[in-house]
2 protein chains.
Amino acid sequence: MPSPEEQGLPLEEMTYRRLREALVSGAVLPGDRLSIRGVAASLGVSAMPARTALRRLAAEQALDMLPSGTAVVPRLTRAGFAELSAVRAELEPLAVRLAAAHLPEADLAELAGLVAAHDAAREAADADAAQAADRDFLFRIYRAAQAPLLLGLIETLWLRRGPLFRSVGALVAASGGLRHNHAAMLDALRRGAGEAAAALLRREIEEATRFIQSKVRFEGDDTAAERLAAIGRAGRNAEVRAPVSLSLHRRRTKRPE
Amino acid sequence: MPSPEEQGLPLEEMTYRRLREALVSGAVLPGDRLSIRGVAASLGVSAMPARTALRRLAAEQALDMLPSGTAVVPRLTRAGFAELSAVRAELEPLAVRLAAAHLPEADLAELAGLVAAHDAAREAADADAAQAADRDFLFRIYRAAQAPLLLGLIETLWLRRGPLFRSVGALVAASGGLRHNHAAMLDALRRGAGEAAAALLRREIEEATRFIQSKVRFEGDDTAAERLAAIGRAGRNAEVRAPVSLSLHRRRTKRPE
DNA sequence: CCTGACATTATGTGATCACATTTCCACCGT
DNA sequence: ACGGTGGAAATGTGATCACATAATGTCAGG
């Protein structure tokens, strides 16, 4: 059952968008296997568009591929998350610098509106809306950079972060949330201070990364480490590294529908 | 006729690698259309692997897609090249910083060998070999960063630069070539000075970019601008921007085989 | 209760075909 | 000579099938 605005689109495009949405919304979880016939049946399309869409996501690194060719929603390890954040901390400030050169007044007004929307959503304790406003704020700037290659890279980074983000969202909101100072960034952009705005964004990304790393339990640094520590002499909790191989035979979450 | 080391690989992987090689080697030129049946016939495979490989390259932004779905080798405009270089100048130094943390002695020795190979190739006036040694030197470091996501991004950047690179290669060699100070970078890495090595690489990328931008005529900044300037009052050569749309009906280079 | 081999199922790959659309080119009228 | 028009060739999309392989469950033996 295609949604209204999907009329006329190629089936492959529709399948791709739905899978993408499933990734960012958390409808599929890290570790889930996505088989060609499985998604084809789930989305009511034939195997061909499903295959193309899956391979496309894999090429964008939004999905991993087992050696057998099966697509799997990537598990974000602590190291992987750190790497992702490091790349974001380079590319997104670059986009801000590029955008600062040509931000028309209309865009600045729209950005101000998004800051206001964010604040309003926070007042209403609507974490999802606040988060959406933040995201729109940033991507409005990224689009203004008029750098299609860079924009595509940033989008794939966010896509890859998607699965994690959903599971952390509630936690972040409960902990008081990240306090993005987008108003200050907007001020810098108004002044044409691209470097300052970029520096603010970089700090924002780095702080959010530290916050999440301190709060979230990642794949791989799971209870195996604690079990090992418990078996060993108690007291010594330093230097305990979780061998990833130990968590291999953990039950994989099934997702039949 | 599959090459020896391609035995056992899926046809899609073989097709993908061949297309990739065709891109970086300059066997296909910017603006060339790559049709499914065309590459299938050229590479002796059926339409299916050809389709998959083309879509994969497109997802990696190594190929552009016309609205009709036909793949086309991207034309690199001046702005596009500047963007590509800006992204490289952020990501590749990041990889150097990450790699500096864990570079075993064996890798350092290998890097020294590559620097020597580069110098030897320069002595022999073998521009291709010197360039290959430079490339290997950098990617050895990037791989050592143990950041698969970042490495994948860097590879797609180089892939997209591929078509241009070939056409510029001879020019660069004739002009005396870029003098990459990889020996200094290796020294910095030996000292564990990751930041210094990263700064050296950034300067190298920025200088190479400036050099190429000063020497190369890109798609879009072609003679249309000059014709416009000639039509207008002579003398005023400032502010003449080449409208891209003017070069649209230029003859497209055919590439039947 | 666990471990191994075996049969069954699921899955990816590749091939081929039909169909709608786009692209290209020759032809014709002005 | 120029430009529009028609049709033929080329092209992408999607569907379906066959085949090899990987994954899974089963069952007998320890």
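Residues numbered from 1 in each chain as written. Chains lettered and ligands numbered in written order. Predicted model: local features only at pLDDT ≥ 70, side-chain atom pairs only at ≥ 80, totals over all residues. Heavy atoms only, no water.

1. Concerning the sheet that holds strand β1 (residues 33-34) of chain A
Residue and element names in this part refer to chain A.
Now for step 1: Ordered in space as β1-β3-β2, the three strands form an open sheet in which the pairing is antiparallel. Looking at the sheet topology across the chains shown, the edges are occupied by β1 and β2 (64-65).
Now for step 2: Taken together, the two bridges between β2 and strand β3 (residues 71-72) define a ladder with antiparallel strand orientation. Within β3, the residue paired with M65 across the bridge is A71. (Pairing = 2+ DSSP bridges. Helix = DSSP H or I, 4+ residues; strand = E, 2+ residues; numbered from the N terminus.)

2. What to know about the protein's contact with DNA strand C
Now for step 1: The local shell around DNA strand C holds 18 residues, among which I36, R37 and R55 of chain A together with L11 and S46 of chain B are the closest.
Now for step 2: Among atoms of DNA strand C positioned within 4 Å of the protein, sugar and phosphate together represent 56%.
Now for step 3: Between a phosphate oxygen of DNA strand C and a side-chain N or O atom of R55 of chain A, the distance comes to 2.9 Å.
Now for step 4: Sort the elements by how many residues they give to the surface near DNA strand C and helix α3 (residues 47-59) of chain A lands first, with three residues. (Near = heavy atom within 4 Å. Polar contact = N/O pair within 3.5 Å; in protein donor to acceptor, adjacent residues only side chain to side chain.)

3. A short note on the side chain of E12 of chain A
Now for step 1: If you trace the backbone, E12 of chain A turns up in helix α1 (residues 11-25).
Now for step 2: When near neighbours in sequence (up to four residues on either side) are disregarded, E12 of chain A contacts P49, T52, A53 and R56 of chain A together with R55 of chain B. (Contact = heavy atoms within 4.5 Å.)

4. As for the sheet that holds strand β3 (residues 71-72) of chain B
Now for step 1: With antiparallel pairing, the three strands of this open sheet are ordered in space as β1-β3-β2 (chain B). Whereas interior strands pair on both sides, the edge strands pair on one side only; in this sheet they are β1 (33-34) and β2 (64-65) of chain B.

5. Comments concerning the packing of helix α5 (residues 105-123) of chain A against helix α6 (residues 127-144) of chain A
Helix-helix packing is characterised by the crossing angle of the two axes and by the distance between the axes.
Residues and elements named next belong to chain A.
Now for step 1: Between α5 and α6, the shortest axis-to-axis distance is 7 Å and the interhelical angle comes to 165 degrees. Taken together, the axes of α5 and α6 are roughly antiparallel relative to one another. Seen from above, α5 lies across α6 with left-handed handedness. Residue-level contacts link D107, E110, L111, L114, V115, A117, H118, A121 and R122 of α5 to A129, A130, A133, D134, D136, F137, R140, I141 and A144 of α6.
Now for step 2: Partitioned by chemical class, the residues of the contact of α5 with α6 number 11 nonpolar, one polar and six charged. (Axes fitted to C-alpha atoms, helices over the stretch in contact; angles between N-to-C directions. Parallel < 35°, antiparallel > 145°, perpendicular 65-115°, else oblique. Left-handed = near helix turned anticlockwise from the far one by under 90°. Nonpolar A, V, L, I, M, F, W, Y, C, P; charged D, E, K, R; others polar.)

6. Some thoughts on the relation of the copies chain A and chain B
Superposing the two chain copies requires a rotation about an axis and a translation along that axis.
Now for step 1: If you rotate chain A by 180 degrees and push it 0.0 Å along the axis, it lands on chain B with an RMSD of 0.1 Å. Within this description, the copies of the chain are treated as partners about a two-fold rotation axis.
Now for step 2: Of the residues that chain A buries at the interface, 100% are likewise interface residues in chain B, meaning the two copies contact each other through the same surface. (Least-squares fit on C-alpha atoms with pLDDT ≥ 70 in both.)

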